[in-house]
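Geometric and topological summary
One letter stands for each residue in the lines below.
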Protein chains: 2
Amino acid sequence: MIKTADHLYLQVADNIEQLIEKEVMKIGEKLPSVRILSKQQGISLSTAFQAYYHLESKGLIESRPKSGYYIRFNSRRMPAMPGTCAPVKKASEATVSDMVMEVFSHMRSPNILNFSVATPPVELLPAAKMAKAVVHALRELPANGLGYEELQGNALLRGQIARMSLAWGGAFTADDVVTTSGCMDALTLCLTAVTQPGDTIAIESPAYYGAMQLAESLGLKVLEVPTHPASGVDLDYLDKAIPRHKIKACLFVTNYNNPLGSCMPDKNKKELVGMMEKYDIALIEDDIYGDLYFTKQRPANCKTFDKHGHVLLCNSFSKSLAPGYRVGWTMPGKYKEKVLLMKQNHSIACASLPQAAVGHFLEIGRYEFHLRNLRKMLHTQCLRYSQAISEYFPESTRISRPQGGCVLWIELEASVNTFELFQLALKHKISFCPGRIFSLQNKYSNCLRISFGNPWSKQVDDGLKTLGKLIRKLQQAAV
Amino acid sequence: MIKTADHLYLQVADNIEQLIEKEVMKIGEKLPSVRILSKQQGISLSTAFQAYYHLESKGLIESRPKSGYYIRFNSRRMPAMPGTCAPVKKASEATVSDMVMEVFSHMRSPNILNFSVATPPVELLPAAKMAKAVVHALRELPANGLGYEELQGNALLRGQIARMSLAWGGAFTADDVVTTSGCMDALTLCLTAVTQPGDTIAIESPAYYGAMQLAESLGLKVLEVPTHPASGVDLDYLDKAIPRHKIKACLFVTNYNNPLGSCMPDKNKKELVGMMEKYDIALIEDDIYGDLYFTKQRPANCKTFDKHGHVLLCNSFSKSLAPGYRVGWTMPGKYKEKVLLMKQNHSIACASLPQAAVGHFLEIGRYEFHLRNLRKMLHTQCLRYSQAISEYFPESTRISRPQGGCVLWIELEASVNTFELFQLALKHKISFCPGRIFSLQNKYSNCLRISFGNPWSKQVDDGLKTLGKLIRKLQQAAV
């Protein structure tokens, strides 16, 4: 019975999907109500609802409160995906700091339309509920949280983080967790624990500029590994590069990496962990976007498959809950003692109150509840932004297809310099990240990263339209 | 008229002081009430009060609420000061990390009598009032403090820190300040900003083990500079050492340094700044104990005399207000842009809420009020501890005379190994810092650091008595 019903709702959903693809039903159009669909198709109300629910979870339609279901996306119209970069010959020491500083100096300018920050805006975060958690923590902590927290971090929070490991196939305990002041601090401590100045580490290409700047400030060299926009790091290349370049550690964002949005398949994750074991080197796995998945299930981590402690998993609550609280953590595997020593050297302890507040928020189940809503919003926004870009930008534009996170990676014609575009856009009060800052190899000058964190609005729509116009102008000037 | 009155109270006070010194009036004894003193000596009530107030500020007597004045200290009975170490031939790379870890692993054991932490215990800190400041900050901050704070730090807090510079003879603005997550974070950012791995920096000897461990984790070599227990770093030695050892930066605690308690005279501070200018190198000035002075006025900083921005002043509120909040700051002078870049690389921003709460606490004047009480308590405790140690420890014991801060540096006979003493003391549930961890040169094995942060109590008295017995036992065993 259930199975038939299952098939039935899928059949109805498939039919609707085809109608959308063929543009019989157009974006923005209202769909029949659940009641009418049920009558039309001779199916039960719950089957009709299931069909819409399925289409909604695929991002093709959306329900608007007190109004009904609307079509919002047509997958046929999506442009091609960006390409994978060519491998490099040697590790680099250069810097993109000045350009990054330039980009972020405008971040707080008034009235700027900000596509440059890879974090959901605070409007999407539970400010009032977190404030309550802080007040609760003030009451619960000895001396109202005035004293030093223990070196390894707040025990309640560590316990809750350990519980969350179930979702990605882990079975860790509070004792495996070390808290940090945000994810950058976790990366700093882990990198300092597993490398010496002068060592070479492997990162993705393109990679988060923050990782490259951090490596630079610690006196490390970086080798940029070609990375596919869907499946992540090129493992064949990496396997040869580790011995050749004497790689001491890898720093990868395995789920919805920034800026590409790629998510390593489990098979690749296992293979990567195997490689770490083979060469006995460390993988610093930055999973900061892992909880922001648009798929049915949370993706696994490399840490899921880490039997011998080679993986130092790093994460924080900055992308999903409270950027300003600076609460992050690491599960440093067999490097735990070294990481604790670095933490003692660099910071003694993390702030007591924010840790306890986040711990409490998790304990009462609010985090999971919040995440469900946040994921839905980000998924919708991702599709909306993608669609607008495919409509407003030139036809040759390529766009990534992230299945999580909050950024899109966009490749324009080779002739377009996106740093030039950035400066033009600033005059129109629009900010984004030019592709050039995601590599030390003078690459990606024709790419850009657009964050879809801001909820869809007329201002966003107009902003993307303006960007499209500016790109066309630059393209024409180049001809 | 006033002048005579002035002399009068000093005369009376001097007489009392002599009686205490000659042990006519003994420690713990109650003094005549202000009214009786006034009648006895034929002086006004206010002159009698002034005399006691003067003696109290010298630490010789104390007022107990609703009880009267008591004698608490006899300066004649103080043992000699510890010596200055001999200079070293070359910079060292060794480590004391394991020993430090061993010492601090016992810090949180239940029922331990803790003489090892150089921070006043939370009982001396205004927990409830700070909690109120947090609630205020929650209300005032946009999105209840959920969003990222700006890179340079909370503007209110920076403004208040700038105002406080008046007290040490500075005239700085909010724009000169960069906030950090505690003082260790400030030191980390400043060291990373002004050095490269492999460089040599100068530190005091003995020096805070945390500074040595930090240097080690950043791949820096350290040269230990002989330091006098009263006047601080040996400047003649330093002047020769800078070119000889290619020193890239100095990291000194100029006021009430840890563990010696020395405070550089202004003359030396000026000379040190001049030396930095001459060689164009950086001075990272850690002033974490500067606000905990027992003298009439706050001491100046080197930063006070810094005309060309060579001094990176670092401080925090961890020793005086809220260790668990991790709120620190630096005034990095001409290195400000570099420090900001390092802050962006390592942590993006500091936690919003604790910064805003401390800023508010300062703004409403509560910090100054709290500090006045805290200083008085620490001064009393310093004298009480010194006296007990001079009574219970062997006669050959030498004790430092800090005019601020919260630690005593104690030198025992050369035969006594204080790490052995540490392990013995642990069995009696007493913890302190063995001197060996304050140098990389295998020095100070016969020294120890005792924190006088814990208010005086029978438990403290018994603990010091036990330590004295254990020391005698070790001395006898060595004979």
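Definitions and limits used
Residues numbered from 1 in each chain as written. Chains lettered and ligands numbered in written order. Predicted model: local features only at pLDDT ≥ 70, side-chain atom pairs only at ≥ 80, totals over all residues. Heavy atoms only, no water. Least-squares fit on C-alpha atoms with pLDDT ≥ 70 in both. Contact = heavy atoms within 4.5 Å. Domains from an automatic or database assignment. Buried area = accessible area lost by both parts, 1.4 Å probe. Salt bridge = Lys/Arg side-chain N within 4 Å of Asp/Glu carboxyl O. Polar contact = N/O pair within 3.5 Å; in protein donor to acceptor, adjacent residues only side chain to side chain. Helix = DSSP H or I, 4+ residues; strand = E, 2+ residues; numbered from the N terminus. Buried < 20%, exposed > 50% of the residue type's maximum accessible area, 1.4 Å probe, protein only. Lys, Arg positive; Asp, Glu negative; His and termini not counted. Axes fitted to C-alpha atoms, helices over the stretch in contact; angles between N-to-C directions. Parallel < 35°, antiparallel > 145°, perpendicular 65-115°, else oblique. Nonpolar A, V, L, I, M, F, W, Y, C, P; charged D, E, K, R; others polar. Pairing = 2+ DSSP bridges. Expected span 1.5 Å × (residues − 1).

Within an unreviewed UniProt entry, the label attached to chain A reads DNA-binding transcriptional MocR family regulator, and the organism entered is Chitinophaga niastensis.

**Some remarks on the relation of the copies chain A and chain B**
In the superposition of chain A on chain B (RMSD 0.2 Å, axial shift 0.1 Å), the rotation amounts to 180°. As the rotation angle and translation indicate, the two copies are arranged about a two-fold axis. Looking at chain A, 100% of its interface residues are interface residues in chain B too, so the copies touch through the same face.

**Considerations on the domain arrangement of chain A**
All names here are of chain A. The assigned domain composition of chain A is domain 1 (2-74), domain 2 (77-83 + 93-123 + 372-478) and domain 3 (125-368). Between domain 2 and domain 3, the C-alpha centre-to-centre distance is 26 Å. Listed as interface residues are 38 residues of domain 2 and, on the opposing side, 30 residues of domain 3. With both chains or domains summed, domain 2 and domain 3 bury close to 3000 Å², and 61% of this area falls on carbon and sulfur atoms. At the surface where domain 2 touches domain 3, the tally comes to one salt bridge. A salt bridge links Glu368 to Arg375; its shortest N-O distance comes to 3.6 Å. On the surface where domain 2 and domain 3 come into contact, there are 14 residue pairs in polar contact (both at pLDDT 80 or more). Contributing elements (two or more residues each) for the side of domain 2 that touches domain 3: helix H4 (97-105), helix H13 (366-392) and strand S13 (407-411).

**Let's talk about the side chain of Glu224 of chain B**
All names here are of chain B. Locating Glu224 in the fold gives a position in strand S6 (residues 221-228). No salt bridge is formed by the buried Glu224, whose closest oppositely charged neighbour, Lys443, lies at an N-O distance of 4.8 Å. A polar contact of 3.2 Å, which involves the side chain of Glu224, links it to the side chain of Ser205. Polar side-chain contacts of Glu224 include one of 2.6 Å to the backbone nitrogen of Leu440.

**Concerning the packing of H4 of chain A against helix H11 (residues 336-347) of chain B**
One can describe the packing of H4 of chain A onto H11 of chain B by two numbers: an axis separation of 12 Å at closest approach and a directional angle of 85°. Classed by the angle they form, the pair H4 of chain A and H11 of chain B counts as roughly perpendicular. Counting all contacts with H4 of chain A, which are made through Ser97, Val100 and Met101 of chain A, the residues of H11 of chain B involved are Leu340, Leu341 and Gln344 of chain B. Partitioning the contact of H4 of chain A with H11 of chain B into residue classes produces four nonpolar, two polar and no charged.

**Let's talk about the sheet that holds strand S15 (residues 433-434) of chain A**
Residue and element names in this part refer to chain A. Strand order in the open sheet made by the four strands is S12-S13-S16-S15, with antiparallel pairing throughout. The two strands at the open ends of the sheet, each matched to only one other strand, are strand S12 (398-399) and S15. Sheet analysis places S12 next to S13, joined by two bridges and oriented antiparallel. Opposite Ile399, over in S13, you have Ile410 as the bridge partner.

**So, helix H15 (residues 458-478) of chain A**
Taking 1.5 Å per residue as the helical rise, H15 of chain A with its 21 residues ought to reach 30 Å, and the 30 Å between its terminal C-alpha atoms agrees with that figure. Along H15 of chain A, the residues that are buried comprise Val460, Asp461, Gly463, Leu464, Leu467, Gly468, Leu470, Ile471, Leu474 and Gln475 of chain A.

**Focus: the interface of chain A and chain B**
Size of an interface, as often reported, equals the accessible area lost when the parts are brought together. On the chain B side, the residues contacting the 57 residues of chain A number 57 residues. Here chain A and chain B share an interface that buries about 4400 Å² over both sides, 66% of which is from carbon and sulfur atoms. The largest contributions to the chain A side of the interface with chain B come from Leu146, Tyr148 and His346 of chain A, which together make up 17% of the buried area. At the junction of chain A and chain B, the tally comes to zero salt bridges. Where chain A touches chain B, the interface holds 14 residue pairs in polar contact (both at pLDDT 80 or more). The set of elements that each furnish at least two residues to the side of chain A that touches chain B consists of H4, helix H5 (127-140), helix H7 (182-194), helix H8 (209-217), helix H11 (336-347) and helix H12 (352-363) of chain A. Taken together, the residues of the side of chain A that touches chain B sort by class into 34 nonpolar, 17 polar and six charged.

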